[in-house]
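The primary structure of each chain is shown beneath.
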There are 2 protein chains.
Amino acid sequence: MKQTGDLSLVKKMNTAIVLDAVLRHAPLSRAQISERTGLNKATVSSLVQDLIDSHLVLDLGPGESSGGRKPNLLQFRSRSGHAVGIDLGVNYIRGILTDLEGCVVAERRIALKAHDAKSVIPQLLACIEALRGEIPPCPYGMVGIGIGVPGLVNEDGTILFAPNLSWTEVPLRAIAEERFGVPVTIDNEANAGAQGEQRYGAGRGIANQIYVSAGIGIGTGMILNKELYKGSGGFSGELGHLSIHADGKPCRCGNRGCWELYASENALLEQAEPLGFHDLDGLLEAAGQGREDVVALFERIGEALGVGIANIVNVFNPDVVIIGNEMRRAEAWIGGAVQRTVAARALAHHQRKLKVLFAEQGEKSAVRGAAYYAISSFLAKMKGSGA
Amino acid sequence: MKQTGDLSLVKKMNTAIVLDAVLRHAPLSRAQISERTGLNKATVSSLVQDLIDSHLVLDLGPGESSGGRKPNLLQFRSRSGHAVGIDLGVNYIRGILTDLEGCVVAERRIALKAHDAKSVIPQLLACIEALRGEIPPCPYGMVGIGIGVPGLVNEDGTILFAPNLSWTEVPLRAIAEERFGVPVTIDNEANAGAQGEQRYGAGRGIANQIYVSAGIGIGTGMILNKELYKGSGGFSGELGHLSIHADGKPCRCGNRGCWELYASENALLEQAEPLGFHDLDGLLEAAGQGREDVVALFERIGEALGVGIANIVNVFNPDVVIIGNEMRRAEAWIGGAVQRTVAARALAHHQRKLKVLFAEQGEKSAVRGAAYYAISSFLAKMKGSGA
DNA sequence: CAAACTTTGTTTGTCTAGTAAACAAAGTAA
DNA sequence: TTACTTTGTTTACTAGACAAACAAAGTTTG
């Protein structure tokens, strides 16, 4: 077994600390970094020089003096590399190109006509190719690719099972890495969405965040202690199959009364059928025009969402629960019912700091999270290599 | 902000690595440690010397040669300090004295007549006092105290609320530290039980373990990635208030259909009342004599337990779920129903590696876990100090 | 405006801790 | 008896952090 508790580790850690300081508080001087982090001035100078040499930090030159020599301000060079994020949906592919801070630089969207891997994968690769073409000249070019998919993914980046695409055993990571020669990360769409909101959305800086991806089914991404939680073997987050009616309808998963049978977009559309509606857009419009039966339906779905969220709150006592994916669009009609139900059912103690929010990044939560995977593994590598 | 990414950290880490190697694979030689950990022989020698100087490691002298110079075998000196663990129950205090490996050296049990803090605390302190008296001469004496309590505890070791004792705001840690002058850790009984099973029982070496403390209510201790998970502000684990019947009976917590209303010892006794039973002992005896209504009752409770456990499995995808506390005693009568229900309701994928077990440490899970708190914080301190 | 003080960032020397390599001690095998 | 092995220590070296001194570039004050 090898587990070096060695010297270079210290440098790695300190480099990470310095880089984080620059990322979070730019522009700032070496002196400020030293003060803020507790690291010695000499150490900071040396590490900063390394970061400048590796194009990750830029010396902007002198700033305003505060009664002594002018500081040399430093900034993160977010444009020295770019990441590609992909959100593979059931009937679309969304792709973005971001800089190293995660800012969106370019964007594409493709509508999918068929689901089969044979036709989808070439389109997906073409989308990446196109985004790569838009990268401006920079030292690192495309540093990595992150892909969020609607299914179960194992640690090798193979999609084990994507029910709504009817895919099984698709080694997507291997395919993409082979083609583009950069690190590729594949993860579940809910996990990607959770990351997106954690980094760029409603969960910024919050330690314990649960992201509820309410679409056709319900998936969840759990960020505990600022890290994505993955259960045994890398699979968890099947909160959609938390049973809320022990004797309720049987679910395809084998259990009965699963949450997603009552609170997903599917559940909504099923119950909308008798009212004469077949998609979310129609329902939203009708509710907007004041159709009471539709408003009542949204209310009912909102309550069901709230029941599950109350359970989540009692289990995890998170700081924030974020509702994302398609159902987020119904915020105006379900928001009240969700909040009311949670308030009534979650433990009072756990509600003190709790916030239940809707995804700030909207339909982009998952793509941006996917891009973040690529950015963070690149930066982790850079912190390590030192040079 | 201070976050030294400094040098001494490396030593701390390596000392910890060496000590762990000794703990896990004793008796072994310096050479073996070097091989196993990847650390240089010289480094190992130096660190081992430090550990010997601080009485944590013993050089047993030469062992069997394997074709060259005889190795000097090393062992953990588990008797150079002792820890006290306390399990504060609703009608008893259980206390143990352990060595640094957690082995039980002495034991006490006190039956409580009253619940009020004024009468219980002196008895608790006296119990600790008595156990301290039994410590044989050793370099470190009593290194710490761990206490498991049936209630909500904050980060300062204050019992915020213990419903079944009717305690609120009892600063137990401060009281005990003042009295004994050693570090005291207070935690919830379910968390302590989880630790006990993780270290000494059915969860040894398992990364993701959920401990279900099924007693008067249902509490849970979650060990994720080998660490106790505590939610925002240090409170979580209220899985007992996971709702399994969204429209079920109202619970004192505000929610409806909470798991513990259907699967706890209380639920059992409530339903046993009409059958003419008032305690678990009576029920166990009757079931043993083949009373069918009692057996059926156990079956029903077992199913309810299973429903909740299936939910837990779907949420956490743990490697193992351990059922502890009073209800564990009914293993023979509820075990089958639990296993059956979980098998039917949990996601098939998550069941592959899953095991549902009963607490191996029996009634001692919590005390031993409590003692472990004291041991681990002592050892953490020793690894840090170096000398 | 000169002198005194401040702030920034580099340089210099010291210290800690880990490593590699040589070596001594103590054994086994041929 | 000679050669090889294994163990654990010693020695010399290296990386990296730090403290203190210092130089550079300001600002403030008398």
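Residues numbered from 1 in each chain as written. Chains lettered and ligands numbered in written order. Predicted model: local features only at pLDDT ≥ 70, side-chain atom pairs only at ≥ 80, totals over all residues. Heavy atoms only, no water.

### Details of the overall build of chain A
- A count of helices and strands for chain A gives 13 helices and 16 strands.
- Taking 387 residues into account, the globule formula puts the C-alpha radius of gyration at 21 Å, and chain A, at 23 Å, falls close to it.
- Looking at chain A as a whole, 56% of its 387 residues are labelled buried.
- Accessible area for chain A stands at about 16100 Å²; split by element, carbon and sulfur atoms hold 49% of it. (Helix = DSSP H or I, 4+ residues; strand = E, 2+ residues; numbered from the N terminus. Rg over C-alpha atoms; globule rule 2.2 N^0.38 Å. Buried < 20%, exposed > 50% of the residue type's maximum accessible area, 1.4 Å probe, protein only. Areas by Shrake-Rupley, 256 points an atom, 1.4 Å probe, with all protein chains shown as cover.)

### Section: the relation of the copies chain B and chain A
- Take chain B, turn it by 180°, move it 0.0 Å along the axis, and it overlays chain A with an RMSD of 0.1 Å. The transformation just described matches what one would write down for a two-fold rotation axis. (Least-squares fit on C-alpha atoms with pLDDT ≥ 70 in both.)

### A short note on the protein's contact with DNA strand C
- Among the 24 residues in the neighbourhood of DNA strand C, the closest are listed as A:Lys41, A:Ser45, A:Arg69, A:Asn72 and B:Thr43.
- The sugar-phosphate backbone supplies 67% of the atoms of DNA strand C found within 4 Å of the protein.
- Within the backbone of A:Asn72, one N or O atom sits 2.4 Å away from a phosphate oxygen of DNA strand C.
- A distance of 3.1 Å is found between a phosphate oxygen of DNA strand C and a side-chain nitrogen or oxygen belonging to B:Asn40.
- Among the elements of the structure, α2 (30–37) and α3 (41–53) of chain A together with α1 (7–25) and α3 (41–53) of chain B are those that each provide at least two residues to the surface near DNA strand C.
- Counting residues per element, the surface near DNA strand C draws most heavily on α1(B), at four residues.
- Tallied by class, residues from the surface near DNA strand C come to six nonpolar, 12 polar and six charged. (Near = heavy atom within 4 Å. Polar contact = N/O pair within 3.5 Å; in protein donor to acceptor, adjacent residues only side chain to side chain. Nonpolar A, V, L, I, M, F, W, Y, C, P; charged D, E, K, R; others polar.)

### Some points on helix α11 (residues 331–345) of chain A
Residue and element names in this part refer to chain A.
- For α11, with 15 residues, the first-to-last C-alpha span of 20 Å sits near the 21 Å given by 1.5 Å per residue.
- Here α11 has its buried residues at Ile334, Gly335, Ala337, Val338, Thr341, Val342 and Arg345.
- Taken together, the buried residues of α11 touch α10 (292–316), β15 (320–324), α12 (348–351) and β16 (355–358). (Expected span 1.5 Å × (residues − 1). Contact = heavy atoms within 4.5 Å.)

### Notes on the packing of aromatic side chains
- Across all of its chains, the model carries seven aromatic pairs over all chains by this definition.
- Here B:Tyr140 and B:Phe378 contribute two aromatic rings whose centre-to-centre distance is 5.1 Å and whose plane-to-plane angle is 65°, an arrangement assigned as edge-to-face. Residue B:Tyr140 is found in the loop between α4 (117–133) and β7 (142–149), and its partner B:Phe378 is found in helix α13 (residues 365–385); the two are separated by 238 residues along the sequence.
- Residue B:Phe378 is classed as buried on the basis of its relative accessible area, which comes to 5%.
- Taken together, A:Tyr229, A:Phe316, B:Tyr229 and B:Phe316 form an aromatic cluster joined through their ring pairs.
- Between the NZ or CZ atom of A:Arg368 and the centre of the ring of A:Tyr200, over which it lies, the distance is 4.3 Å.
- Stacked on the ring of B:Tyr262, the Lys or Arg B:Lys249 has its end atom at 5.1 Å from the ring centre. (Phe/Tyr/Trp six-rings, centres within 6.5 Å; stacked < 30°, edge-to-face > 60°. Lys NZ or Arg CZ within 6 Å of the ring centre and 35° of its normal.)

### Structural notes on the pairing of strand β10 (residues 167–170) of chain A
Residues and elements named next belong to chain A.
- For strand β9 (residues 159–162) and β10, the ladder comprises three bridges, and the chain directions are antiparallel. Bridge assignment links isoleucine 159 to a residue of β10, and that residue is valine 170.
- Adjacent in sequence and paired antiparallel, β9 and β10 are bridged by four residues, among which serine 166 carries a positive phi angle near 60°. (Pairing = 2+ DSSP bridges.)

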